[in-house]
Every structure is written in structure tokens, then in C-alpha cells.
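Working through the structure, step by step
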Amino acid sequence: MVIGHLSFLFLGLIVRPIILYVKQPNPEYGDSFADSRLLVSGSYNQAILAIGVRTLFGIVLFGFFLQLFRKISIFDFRARGRGDTTLKLGLVPVFIVLGASLLTNFIEYTGLSQSRFLTWVSVAALPCIGLALQLIFQMPLPRLLNFTLIIFIGIIALILSILQASKSPIFFYIFIVLLVSFEKLKSNKSFRLLRKIFGISCIVLIASIFVFPYIQNLKDGEELTALNDRLGKKYFGSFPAIYIILKRFDLFRAVSDVWFVGQGAWYSFPEYVGIMRKALEWNFGTMEPNFGGQWAIHVLQHSSDTTLSSVVSLSQSSIAEGWLLGGFYGILFTYGLFSLIILCIGTMTNGNLFFRLIALYVISSNSIFEGGVIANLESISTGTRTAIITWIGLVALSGATTIRAKSVNGIH
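Since we're looking at a predicted model, the values are computed, not measured. Each chain carries its own residue numbering, running from 1 in the direction its sequence is written. Reporting in this predicted model follows two pLDDT cut-offs: at least 70 for local features of residues, and 80 or more for side-chain atom pairs to be given and counted; totals over whole chains, interfaces and linings ignore these cut-offs and use all residues. No hydrogens and no water enter the side-chain calculation; it runs on all heavy atoms of the structure.

Topic: the pattern of salt bridges
Where we set the bar: Any carboxyl oxygen of Asp or Glu within 4 Å of a side-chain nitrogen of Lys or Arg constitutes a salt bridge here. Comment: elements are numbered from the N terminus, with helices defined as DSSP H or I runs of at least four residues and strands as E runs of at least two. Think of it in three bands: with a 1.4 Å probe and only protein chains considered, a residue is buried below 20% of the maximum accessible area for its type, exposed above 50%, and partly exposed in between.
According to the stated counting rule, one finds seven salt bridges in the structure shown. Here R230 makes a salt bridge to E28, at a shortest N to O gap of 3.1 Å. Taken together, the positions of R230 in helix α8 (residues 191-236) and E28 in the loop between α1 (2-23) and α2 (45-70) put the pair 202 residues apart, joining distant regions of the chain. Close ionic contact of D35 with R37 constitutes a salt bridge, the shortest N to O distance being 2.6 Å. A residue is classified by how much of its surface remains accessible, and D35, at 2% relative accessible area, is buried. Under the relative-accessibility criterion, R37 is labelled buried at 5%. In this structure, a network of salt bridges that share partners links the residues E28, D31, R230 and K234.

Right, here's the structure in full:
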């Protein structure tokens, strides 16, 4: 997860500014890269320097806090500190709950019914996908069956991406396959396993390159797809797909918001703590916007550039949150909290069933990669509700399966 978070920071806060520095593009409608707010005397250089210094400061702090907190025994990721991390669970209950979650996704997609409970069940699909992949890699299954199940779950993730018009399900699937492959490789140093995992990784990465533009085009529609293709050629010539991919990593827009509106434009420290508290509340039945929506209201509305782009960023990193809170001191505070969160989530992925479900939900929401403190607290809150429902279903089905198996054995 640390590598995933740093990858998002690299693509969003390092690659994007480099493109702006080299191209110095003129802003136009729909362009996710060019930003008139950052132009000072016709150049992006001054804004890029200010943003770059704070980005580097945040990354250095992130590394420092990770090393500091990992010295605490509760965050010891080494195998000797984890004990037995295998799941005492069968695949059948997981697939049953996954099927129920897919059904609720279809019900919501067709508009047959809408409710908070259905939403909590529908978002359980991705944690169940992650759980199933962990079990498949854990079980001593025949090679063909193992490969078939991995492909089958990949198809389910693709279906979810199409139903939700979102790339998150297929991203999550790819990440979990790579994560569990890496975990298994650490516990088994055989060259044969290394080749197998390398082959699986290559397959999912190549598939993602082809699937990503398809999902994005499906989400954007014909008109926006044509616009993206034209803008992609403006930046990358014969390779416009690079623009579509980099457009997804839009952390740079949030720090651009802060550079434009200035430190303290929205919240003070006590107000930020209040927002953190509200992020953990369950807010049954309320329609209050999440932190991304509030950012759009309180920060983006102060920007003169929002009319130039048809899409606004709702990805706020700890750098953007902290900068808005209190400059360098704010970044120090937010990245300290975020480092604790990412280490907790990393530990929970190897915990008991309930904690795994929460961690898998947070990972599936992408907040751990591109969100800051508030987005992750919101994900933990929603993930806890989803985990309660999913855990009850899995335990009940697992118990029923065990009783049935014992009764069948008793008959024989």
C-alpha cells in the first residue's frame, strides 16, 4: 500500500507538473492539465516550484513517520510478529455473499430500488473479491482451478466496473492480485513460484492497459472521449491514451486549489478536528456531502478556473489537506495521522475476518492511495458498517456449511 500511495503521488504530483513545465500549455475547456490559476506572467514555473517544495516535504515526512511508527511492535509487519494469519473460512460462503452483493449492485443499477442498506450490501462486493483472492492464494488448489478462479473473479471485477462506470473495481482486483502474490513470494523463495507470480502479474497488468481506456470511454461517453483524444494528441502526439491514464491521477488539481485560494481559506485547526469527528459519524439518513463534495463547495467555488474543465478533482492528499490547514506545519500534522492510518490498514489486512473486511473496503475505495486523512476516516466509517453486515453473513453461512458437512459425515 505504501508503494501504491507513492505511485499515485508520483503520477499526480511529479509527472503532471513536469508535463506542465515542459509544455507550458494554454488553458482550454476540458483540459485537465492546463490551469489558468497557476499562470504567473504567462508561466507555470512559480506555482510548480511552490507545489513541488511542499510535495517533497510531504514525501520525506511520510517516509520518516513510517520508519518511526513501524518501530512500535503493534505495527511490526514481519512474519514473526503476526502469528498465524491464515483465514479459517471456505470459498463457498464468500461466493454466496459476493453473489448477493452483485445482485444488489444490479438492483441499484437498474433503478428497481434505492436504500442505504442496499448500498452497504452492494459495496461489500469488492471486500468479498479481495477476501476470495486471499483464500485462493492461501488454499492448496490444483493449478488449473487456481488460475480459473482468479480469471473468474477478474471477470466479476470487470462487470462491476461496467455497472458502476468506474475503474475502481478493476484497479482493486489488480492491486489485490499483486499484493497477495507479493505476500506469498515473501513466504516462499522458490524460483518456480517467482515465475508463476511474475506471469500472473504480467497478465493482469497487460489486461489493465487494454481495459482502462475501455472503462474510461464507457464512463465519459462519445463526446468527452473525442475531446480527450484531441487533448491527448496535444500533449502526447501519437499516444493520446497516456493523457487518459494520467488524467485519472488528479492529485495535482487539489494542491493547485490550495495554491490559488491560500492557506486557511476554509478551516482552522479546531474546525479540521471537527470535520475529522464528523467523518467517523455514521449519519444515518442524511444527505450531507462527503469531504470531497465539501472541498468542491468551500475551495473550488473560490476558483476562477472551474469553468475551463468539465471534471473537477475530488482527490485530496494529505499534502493538500495539510497545506490548507496550516502550511508546512499542517502537512506535518496530516501526514503524521495518515501514516498511522496506512500502517493500521496494512496490519488489518492480516488480521481477523472482521478487520480484514474493513481494510479491504478502505483499499477498494482508493482513499488509501489518493485521499488524505478525512477521506480515509470516511472510508473506515463506511467500511465498518459494511464489514458488520458482511461478517454476519459470512459467519452465518460458514456455520451453516459446517453443520451441513458434519450431518452428511454422520449419515455416512
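Notes on the nonpolar core
Note the threshold: Definition used in this section: a nonpolar core is a set of buried Ala, Val, Leu, Ile, Met, Phe, Trp, Tyr and Cys residues joined via side-chain atoms within 4.5 Å. Whether two residues are in contact is decided by their heavy atoms: any pair within 4.5 Å suffices.
Within the largest apolar cluster, 97 residues are counted, with the highest numbers of intra-cluster contacts made by I129, Y173, Y267, W295 and I345. Of the residues forming this core, the biggest block, 13 residues, is contributed by helix α13 (residues 318-348). In this structure I129 touches L98, I153, I156, A157, L160 and F172, once residues within four positions along its chain are discounted.

Description of a nonpolar patch on the surface
Selection rule: Within the patch definition used here, like charges are joined within 9 Å and nonpolar side chains (Val, Leu, Ile, Met, Phe, Trp, Tyr) within 5 Å, considering only residues with over 30% relative accessible area and no salt bridge. Computed with a 1.4 Å probe, the accessible areas rest on the Shrake-Rupley method; for each residue, only the protein chains presented here act as cover.
Together, F10, I14, I18, Y21 and V22 make up an exposed nonpolar region whose accessible area comes to about 500 Å². For I14, the position within the fold is in helix α1. The class for I14 is partly exposed, based on a relative accessible area of 30%.

Here's the deal with the environment of L68
Within the secondary structure, L68 sits in helix α2. Residue L68 is classed as partly exposed on the basis of its relative accessible area, which comes to 39%. Separated by 271 residues in sequence, L68 and S339 place their C-alpha atoms 9.7 Å apart.

As for the packing of aromatic side chains
Counted only if it meets this: Geometry of aromatic contacts follows a simple scheme: Phe, Tyr and Trp rings, the Trp one being its six-membered ring, pair when their centres are within 6.5 Å, and the pair is stacked under 30 degrees between planes, edge-to-face over 60, tilted otherwise.
All told, the structure shown has 23 aromatic pairs when counted by the stated rule. An angle of 50° between the planes, with centres 5.9 Å apart, marks the rings of F62 and F338 as tilted. A residue pair is termed long-range when its members are at least 10 positions apart, and F62 in helix α2 and F338 in helix α13 qualify at 276 residues. The exposure class of F62 is buried, given its relative accessible area of 1%. By relative accessible area, F338 is classed as buried at 0%. With centroids separated by 5.9 Å and ring planes inclined at 5°, the aromatic side chains of Y235 and Y243 adopt a geometry described as stacked. Judged by relative accessible area, which is 0%, Y243 ranks as buried.

Focus: unusual backbone geometry
Of note in this structure, Q24 is not a glycine but carries a positive phi near 45°. Checked against the element boundaries, Q24 lands in the loop between α1 and α2. The phi dihedral of N366 is positive, around 70°, even though this residue is not glycine. With respect to the element layout, N366 can be found in the loop between α14 (353-364) and α15 (367-370). What makes N366 buried here is its relative accessible area of 4%.

Details of α2
Along an α-helix, residues three or four positions apart point the same way, because every turn accommodates 3.6 residues. To be explicit about the condition: One less than the residue count of a helix, multiplied by 1.5 Å, gives the span that helix is expected to have.
Given a rise of 1.5 Å per residue, 26 residues ought to cover 38 Å, and the 37 Å separating the end C-alpha atoms of α2 matches this to within 8%. Those residues of α2 that sit buried are A47, I48, A50, I51, R54, T55, G58, L61, F62, F65, L66 and F69. Here the buried face of α2 lies against α1, α10 (251-261) and α13.

With respect to the packing of α10 against α13
We apply this condition: All axes are obtained by fitting lines to C-alpha atoms, using only the stretch in contact for helices, and the reported angles, taken between N-to-C directions, cover 0 to 180 degrees. Here is the rule for angles: anything less than 35 degrees is roughly parallel, anything more than 145 is roughly antiparallel, 65 through 115 is roughly perpendicular, and the remaining ranges are oblique. Working rule for handedness: look at the near helix, and if it is turned counterclockwise from the far one by less than a right angle, call the crossing left-handed; if clockwise, right-handed. Residue polarity follows a fixed list, in which Ala, Val, Leu, Ile, Met, Phe, Trp, Tyr, Cys and Pro are nonpolar, Asp, Glu, Lys and Arg are charged, and the others, Gly among them, are polar.
At their nearest, the axes of α10 and α13 sit 8 Å apart, and the two run at 15° to each other. On the basis of the axis angle, α10 is roughly parallel to α13. For the pair α10 and α13, the sense of crossing is left-handed. Taken together, the residues of α13 that come into contact with α10 (itself represented by A254, V255, V258, W259 and V261) are I319, A320, W323 and L324. A breakdown of the residues in the contact of α10 with α13 according to their chemical character gives nine nonpolar, no polar and no charged.

A closer look at the environment of F328
By the element assignment, F328 lies in helix α13. By relative accessible area, F328 is classed as partly exposed at 35%. Here the alpha-carbon distance between F328 and G58, two residues 270 residues apart in the chain, equals 8.6 Å. In contact with F328, other than residues within four places in its own chain, are V53, R54 and F57.

A look at the confidence of the model for the protein chain
Rules: pLDDT is a residue-level measure of predictor confidence that goes from 0 to 100.
When the pLDDT values of the protein chain are averaged, the result is 80; 79% of them are 70 or greater. Averaged pLDDT values over the elements of the protein chain bottom out at 68 in α8 and peak at 92 in α13. A low-confidence stretch, residues 76-85 (pLDDT under 50), is modelled with 10 contacts involving residues beyond four sequence positions or located in other chains.

Some details on helix α3 (residues 91-110)
Selection rule: Note: the arc covers the axis-to-C-beta directions of the helix.
Over its 20 residues, α3 extends 28 Å from the first C-alpha to the last, a length consistent with the 28 Å expected when each residue adds 1.5 Å. When we look at burial in α3, the residues that qualify are L91, P93, V94, V97, L98, S101, T104, N105 and E108. Buried residues in α3, looked at end-on, bunch into an arc of 160°, giving them a common side. Those residues of α3 that are exposed and aimed more than 90 degrees away from the buried face are V92 and L103. Directly after α3, the chain includes G111, whose backbone phi takes a positive value near 80°.

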